[in-house]
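Okay, here's what each chain looks like letter by letter:
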Amino acid sequence: MEQDVACVISDMSDMVVVDLQSAVKAEEAEEELLGSGRNLLNINQALFENEDDESGEDSDDDSGTDHGSGESSGTRLQRCQRLGGEGWNLPDTFQTSNLLFYERFKAYQDYMLGDCKPSEVKAFTADYLEKALEPCDWSAVWSTNIFDVVVEVEDLDLNELKACVKLALPLQSQTRGCEITEDAFNSLLEATQHKVPLLELQVVYKESGEFDQTALALEHLRFFYKHIWRQWDEEDEDDDFDYFVRCVEPRLRLFYDVLEDRLPAGLVAEYQSLLQSCSQCFQQFSELRSGLSADSDSELDNVSMVEGLKLYDQLEMFKRRLHIIENPLLRYVLTYKGSSRRQCVESRGLRESGMKMVHVVTGVCSSIQLQALLTARLTPLSASENTEIQFHKDPVAAVGACHQGDVVIVLPGTYTVSSSIFIPDSITIEGFGFPDEVVIENRHKGDSFVESTGADVQVSNIKFIQHDAVEGILCVRQGTLNMENCVLQCETTGVVVRTSARLTMNMCDLYGSKGAGLEIYPGSICSLVNNEIHHCKDGVLIKDFANELDGMPSITMEKNVIHNNECYGVILVKPGEEQNVHETEADPAGQTEDTQPEASSSSSKPEAHPSSSSAASPVEAAGIGCTDGDVASASGRKWQFGRQLSRNKEVSCSRPVQDLMQHQIFVSVQGNQFKRNGKGDFGVFFY
């Protein structure tokens, strides 16, 4: 008996130390034998199983083959209850619309698209669906704007992204605004050859888990064509790039940034407007292109050719602007001007009575504080008879009640605000104490924390703490803001000085921005004296891509300490010259030391051109200034409404430079200190 036990133990020990590769091969062979009794595929198992369970990693490949257990233990997806009124008889479907970013990211990267090119997207998608979808014998709700009806899938036409279906009997349907009989549904199916778009099908819920992957694959397909794919994506002749990296990932991140309120509302509105305009332009361009003959020399075709070239140029402009917003890096350095066009809070001007008001903000005030306040501030300010005093508990309410010339005094304490602070008039806001004693903390999930548009605004002795404002802790949109002895603790983005605005910042401490600590726009005036800017992504970001109307910014920097920033202490953003762009396109790896002197010299030369001027327009390239016949001839040779090299190529890059302070945008520079900035003290970003 003891010998038998010993033999068993020995055999078990041998099994444990079997070579791993042999075990994997044996397991794969066993799976092939049992394949007929398993689900078709389980391509998204990693999305729903514990990430620590890596037992199947050794046999993973890019084909999406099912490496999980063949025995289904029930559905892993939630039920989506289809609630309706009286007479509602539709079955529940799978809940798939609430997937997380990483779930969609992994599905598109690992299973659906991989490293395909734009022209290969449809083929890769069809291959993915062939492996992921049950080929037949499953029920779905066919949903349109007019009706919902239950159908049974009999076959798939993946090249057209359609399914061959028949009505499920007894009839289960719900209509909106009309009555549709069973015969009418059958007639509709006959007219469509019993084929309906896969995008309009939602799999009927089954607890067995048999159709989980089918429901999930259809969700990925729907989301892709609704939020990721653009009609013009496969139009680009420059097809030799990874579509997932160039387009899918940025657009997916943008979708979730919008969903989670990480972007300003103005930027979101601008993007949606651009997307709609680009779609309309592409539609017009496609219709015009399809009606032209490449060999025709008629006057009508020549005119249409010119119009088509103009539409093409406009389409490329829309695509470039969309690309800037979709790309997180370009969005950060170039941002947008949409919110500056929105209607700001209107200035109230002087009171009709001529009275001036002193607004005191305090929650609880001791007698000692009140006496000190009277002696130091209220008595001097109230010396004239036309001055009154008001008390507030909220700094937002105090600023909102101000007219031109009023003074807001904030007593020591921490004030939590839930809305933005707008300053449209020339007023003074001062903390009665040290900045660390007078704290205004923002918990508002809005575009900005403090916005100033007043002609002459004074802010001093206050600490601002920003949490969720996505556009900046402080934005000077127009007018002048003078800030002294303040602390600006950022969590998202820092101080923004818009075109034509003026900022004077003296003895302030600015830190914590995930973007630039200070963003300076073309045409603005900025004076920085005795400040500390640290622990931001970039210290000071200067945008030198002005057009002829904006002009260059005018900057004074004296005795500032800019240190411990992740990237650069001071970075200049400007459009790359056309030659540099083409060199970058031809040789992406050409960012060598040989090119750095050129970047340094270019940084000392002002650029006053809009971003769209970095490449010649197709209209100019085809010779719009010539006769119609010349235009048609040129366009016929170069472009039967084909495409030039895309402007959306990744040509942006940043380069460290030795010094930016000789650039003519700096009016006065002296006594500044730069320490421990990650990529260097100075840099230039070309886009």
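Every chain is numbered independently, its residues counted from 1 as its sequence is written. Restriction of local features to residues with pLDDT of at least 70 applies here, the model being predicted, together with a cutoff of 80 or more for giving and counting side-chain atom pairs; totals for whole chains, interfaces and linings are based on all residues. Heavy atoms from the whole structure form the basis of all side-chain values; hydrogens and water molecules are not counted.

1. What to know about the overall build of the chain
- If you tally the helices and strands in the chain, you get 17 helices and 35 strands.
- Only protein chains enter the accessibility calculation, which uses a 1.4 Å probe. A residue is then buried if its area is under 20% of the maximum for its type, exposed if over 50%, and partly exposed in between. Across the 687 residues in the chain, those meeting the buried criterion constitute 48%.
- Contacts in the chain between residues at least 24 apart in sequence constitute 71% of all its contacts with a sequence separation of at least 6. Secondary structure elements are taken from DSSP: a helix is a run of H or I of four residues or more, a strand is a run of E of two residues or more, and numbering for both begins at the N terminus. Contacts: residue pairs with any heavy atoms within 4.5 Å of one another.

2. Some details on the pattern of salt bridges
- By convention in these notes, a salt bridge is any Lys or Arg side-chain nitrogen within 4 Å of a carboxyl oxygen on Asp or Glu. Under the counting rule described, the total for this entry stands at 22 salt bridges.
- Here Glu451 and Arg477 are joined by a salt bridge, their closest N and O atoms 2.8 Å apart. Within this pair, whereas Glu451 is found in strand S16 (residues 450–452), its partner Arg477 is found in the loop between strand S19 (474–476) and strand S20 (480–484), the two being separated by 26 residues in sequence. Exposure class is identical for Glu451 and Arg477. Each is buried.

3. Structural notes on the environment of Leu99
- With respect to the element layout, Leu99 can be found in the loop between strand S2 (93–95) and helix H4 (101–112).
- The exposure class of Leu99 is buried, given its relative accessible area of 7%.
- For the pair Leu99 and His220, spaced 121 residues apart in sequence, the C-alpha separation works out to 9.6 Å.
- Excluding anything up to four places from it in sequence, Leu99 contacts Arg104, Leu216, Glu219, His220 and Tyr256.

4. Re the packing of aromatic side chains
- For this analysis, a ring pair means two rings from Phe, Tyr or Trp (six-membered ring only for Trp) whose centres lie within 6.5 Å, classed as stacked if their planes differ by under 30 degrees, edge-to-face if by over 60, and tilted for the remaining angles. Evaluated as defined, the whole model comprises 18 aromatic pairs.
- For the pair Phe223 and Phe255, a centre-to-centre distance of 4.8 Å together with 90 degrees between the ring planes defines the contact as edge-to-face. Of this pair, Phe223 sits in helix H7 (residues 212–228) while Phe255 sits in helix H8 (residues 243–259); the two residues are 32 residues apart in sequence, bridging distant segments of the chain.
- Residue classification places Phe223 among the buried positions, given a relative accessible area of 5%.

5. Some remarks on the sheet that holds strand S23 (residues 502–506)
- Spatially, S10-S9-S11-S14-S17-S20-S23-S26-S29-S33 is the arrangement adopted by the ten strands of the open sheet, whose pairing is parallel. Taken across any chain shown, the strands that pair with only one partner, and hence form the sheet edges, are strand S10 (387–392) and strand S33 (666–670). Strand after strand, the sheet turns through a mean of 10 degrees between neighbouring axes, direction not considered.
- At least two bridges found by DSSP between two strands are what make those strands a pair. As paired elements, S23 and strand S26 (residues 525–529) share five bridges and run parallel to each other. From the neighbouring strand, Asn506 faces S26, where its bridge partner is Val529.
- Packing against the sheet, helix H12 (residues 367–381) makes contact with strand S9 (356–361), S10, strand S11 (407–410) and strand S14 (428–431), and its axis sits at approximately 170 degrees to S11. Angular values range over 0 to 180 degrees, each being the angle between N-to-C directions of two axes fitted as lines to C-alpha atoms, with helices fitted over their stretch in contact.

6. Concerning the sheet that holds strand S27 (residues 532–534)
- Here we have eight strands laid out as an open sheet, ordered S12-S15-S18-S21-S24-S27-S30-S34, and parallel in their pairing. Across the chains shown, the open sheet's two edge strands, defined by having one partner strand only, are strand S12 (413–417) and strand S34 (673–675). Pairs of neighbouring strands in the sheet enclose a mean axial angle of 10 degrees, with direction left out of account.

7. As for the packing of helix H5 (residues 121–132) against H7
- At their nearest, the axes of H5 and H7 sit 9 Å apart, and the two run at 160 degrees to each other. Taken as axis vectors, H5 and H7 run roughly antiparallel relative to one another. In this structure, H5 crosses over H7, and the sense of that crossing is left-handed. Counting all contacts with H5, which are made through Val121, Lys122, Thr125, Tyr128, Leu129 and Ala132, the residues of H7 involved are Gln213, Thr214, Ala217, His220, Leu221, Phe224 and Tyr225. Each angle is binned into one of four classes, with values under 35 degrees roughly parallel, values over 145 roughly antiparallel, values of 65 to 115 roughly perpendicular, and all other values oblique. Should the near helix be turned anticlockwise from the far one by less than a right angle, the crossing is termed left-handed; should it be turned clockwise, right-handed.

8. What about H8?
- A rise of 1.5 Å per residue sets the reference length of H8, with its 17 residues, at 24 Å; its end C-alpha atoms lie 23 Å apart and thus fit the reference within 8%.
- The set of residues buried in H8 consists of Tyr243, Phe244, Arg246, Cys247, Val248, Pro250, Arg251, Leu252, Leu254, Tyr256 and Asp257.
- Contacts described as polar in this section are N or O atom pairs within 3.5 Å, which, within protein, must combine one atom able to donate a hydrogen with one able to accept it, while residues neighboring in sequence count only if both atoms come from side chains. N-cap assignment for H8: the residue whose side-chain oxygen lies 3.0 Å from the backbone N of Phe244 is Asp242.
- Note on H8: the residue one or two positions beyond its end, Asp261, has a positive phi of about 60 degrees. Each helix should span, by expectation, one fewer than its residue count multiplied by 1.5 Å.

9. Re the confidence of the model for the chain
- For the chain, per-residue confidence averages 76 on the pLDDT scale, and residues scoring 70 or more make up 70% of the total.
- Note on scores: pLDDT gives the predictor's confidence for each residue, bounded by 0 and 100. Within the model, pLDDT remains below 50 along residues 29–73, and this stretch shows 66 contacts once partners closer than five positions in the same chain are excluded.
- Taken as a whole, residues 577–652 scores under 50 in pLDDT and shows 137 contacts with residues more than four places along the chain or in a different chain.

10. Looking at H5
- Over its twelve residues, H5 runs 16 Å from end to end, which matches the ideal 16 Å to within 8%, given 1.5 Å per residue.
- Listing the buried residues of H5 in full gives Val121, Thr125, Ala126, Tyr128, Leu129 and Ala132. Axial view of H5: buried residues confined to an arc of 160 degrees, hence all on one face. Residues of H5 that are exposed and point over 90 degrees away from its buried face: Ala123 and Glu130.
- Buried residues along H5 sit against H4, H7 and H8. Taken from the helix axis, the directions to the C-beta atoms give the arc we talk about.

11. Some words on a nonpolar patch on the surface
- Each patch is assembled from residues with relative accessible area greater than 30% and no salt bridge, linking like charges that lie within 9 Å and nonpolar side chains (Val, Leu, Ile, Met, Phe, Trp, Tyr) that lie within 5 Å. Accessible surface is estimated by sampling points in the Shrake-Rupley manner with a 1.4 Å probe; for residues, cover comes only from the protein chains shown. Residues Leu370, Leu374, Ile389 and Phe391 make up a contiguous nonpolar surface patch of roughly 340 Å² in combined accessible area.
- Secondary-structure elements contributing two or more residues to the nonpolar patch are H12 and S10.
- Mapped onto the fold, Leu374 is located in helix H12.
- Residue classification places Leu374 among the partly exposed residues on the basis of a relative accessible area of 39%.

12. Topic: empty space enclosed by the protein
- The definitions used throughout rest on a 1 Å grid laid over the protein atoms alone, on which a cavity is an enclosed set of points accommodating a 1.4 Å probe that cannot get out and a pocket is an open set flanked by protein within 12 Å on both sides along at least five of seven lines; lining residues are those having an atom within 4 Å of a point. Grid points are joined across faces, edges and corners, and a volume is the space filled by probe spheres set on the points. If you walk through the whole model with that rule in mind, you get eight cavities of 30 Å³ or more.
- Breaking the lining of the second largest cavity down by element, the ones donating at least two residues are helix H13 (395–400), S11 and strand S13 (421–423).
- Considering only residue class, the lining of the second largest cavity consists of 15 nonpolar, no polar and no charged. Think of it as three bins: nonpolar holds Ala, Val, Leu, Ile, Met, Phe, Trp, Tyr, Cys and Pro, charged holds Asp, Glu, Lys and Arg, and polar takes everything else, Gly as well.

13. Quick look at the pairing of strand S31 (residues 568–574)
- S31 sits mainly inside the fold: seven of its seven residues count as buried.
- Note that strand S28 (residues 538–543) and S31 share four bridges and pair parallel. For Val540, the partnering residue across the bridge sits in S31 and is Val570.
- Across six bridges, the pairing between S31 and strand S35 (residues 680–686) is parallel.

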